Amino acid sequence: MSSTARPPVDVLIRRIDPELPLPEYAQPGDAGADLRTTVDAELAPGERVVLPTGVAIALPDGYAAFVHPRSGLAARCGVALVNAPGTVDAGYRGEIKVIVVNLDPREAVSFRRGDRIAQLVIQQVEKARFHEVAELPGSARAEGGFGSTGGHAAV
Ligand SMILES: O=c1ccn([C@H]2C[C@H](O)[C@@H](COP(=O)(O)OP(=O)(O)OP(=O)(O)O)O2)c(=O)[nH]1
Ligand SMILES: [Mg+2]
């Protein structure tokens, strides 16, 4: 059977921390490559921290990388990313960082150097050319916003 998978995009990566493994896809079909923290950290309930990952990348033009949370950490420990998904621009050459928050109301959470804390999803992104107009074309939704289709109180 022939595969319909597209070939992976080539991304240059620089190891800032030479001892830790590069980001890896845990399973062949995974969308995100796991990122590791290079430092230990303990977060009290409600505390946030910026964790370094020890890697920097150069994406091709027309791509971006998105720093997504790991669902297991969220479900087990209440760990979220403050800016999820974090956006890594194609032109960014600095170390990828992860802005982690402990949303558990009672328990502290600990990370050890090398722990997988987030996942990096690489995607093609469109660039818009904005055309200013006085009136936008009509649509079924029109200006109906949050909750306007029912189920929650409309804002
Ligand atoms: O989770 C993240 C999000 C961003 N970045 C890096 C890559 C990105 O290209 C840069 C800027 O991110 P963003 O544009 O989201 O932040 P900003 O506050 O708008 O900063 P800037 O004014 O530098 O664009 O920071 C990370 O390392 N991790
Ligand atoms: Mg920005």
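Residues numbered from 1 in each chain as written. Chains lettered and ligands numbered in written order. Predicted model: local features only at pLDDT ≥ 70, side-chain atom pairs only at ≥ 80, totals over all residues. Heavy atoms only, no water.

### Concerning the sheet that holds strand β5 (residues 48–52)
Taken in spatial order, the three strands make up an open sheet running β5-β10-β8, and their pairing is antiparallel. With partners counted over all chains shown, the strands left at the sheet margins are β5 and β8 (79–81), one partner each. Strand-to-strand, the axes of this sheet are offset by a mean angle of 35°, without reference to chain direction. Sheet analysis places β8 next to strand β10 (residues 97–102), joined by three bridges and oriented antiparallel. What sits directly across from Leu81, in β10, is Val100. (Pairing = 2+ DSSP bridges. Helix = DSSP H or I, 4+ residues; strand = E, 2+ residues; numbered from the N terminus. Axes fitted to C-alpha atoms, helices over the stretch in contact; angles between N-to-C directions.)

### Topic: the environment of Leu22
Residue position: Leu22 is located in the loop between β1 (12–15) and β2 (24–25). In this structure the C-alpha to C-alpha distance between Leu22 and Gly145, which are 123 residues apart in sequence, comes to 42 Å. The residues contacting Leu22, other than those within four sequence positions of it, are Ile13, Arg15 and Val55. (Contact = heavy atoms within 4.5 Å.)

### Topic: the UniProt feature "binding site: substrate" (unreviewed entry) in the chain
UniProt's feature table lists "binding site: substrate" (unreviewed entry) at Arg70, Ser71, Gly72, Asn83, Thr87, Val88 and Asp89, given in the numbering used throughout. Maximum C-alpha separation among the annotated residues is 26.3 Å over a sequence range of 20 residues, too wide for a single clustered spot. For Ser71, the location among the structural elements is in helix α1 (residues 71–77). Mapped onto the fold, Asp89 is located in the loop between β9 (86–88) and β10. (UniProt positions renumbered as here; feature names shortened; annotations may be inferred.)

### A short note on the side chain of Asn102
Inspection of the secondary structure puts Asn102 in strand β10. Reaching out from Asn102, the side chain makes a polar contact with the backbone oxygen of Leu43 at a distance of 3.1 Å. Here the side chain of Asn102 touches Asp104 through a polar contact of 2.9 Å, landing on its backbone nitrogen. In this structure, Asn102 is in contact with Leu43, Ala44, Pro45, Gly46, Glu47, Cys77, Gly78, Glu107, Ala108 and Val109, ignoring residues within four places of it in sequence. (Polar contact = N/O pair within 3.5 Å; in protein donor to acceptor, adjacent residues only side chain to side chain.)

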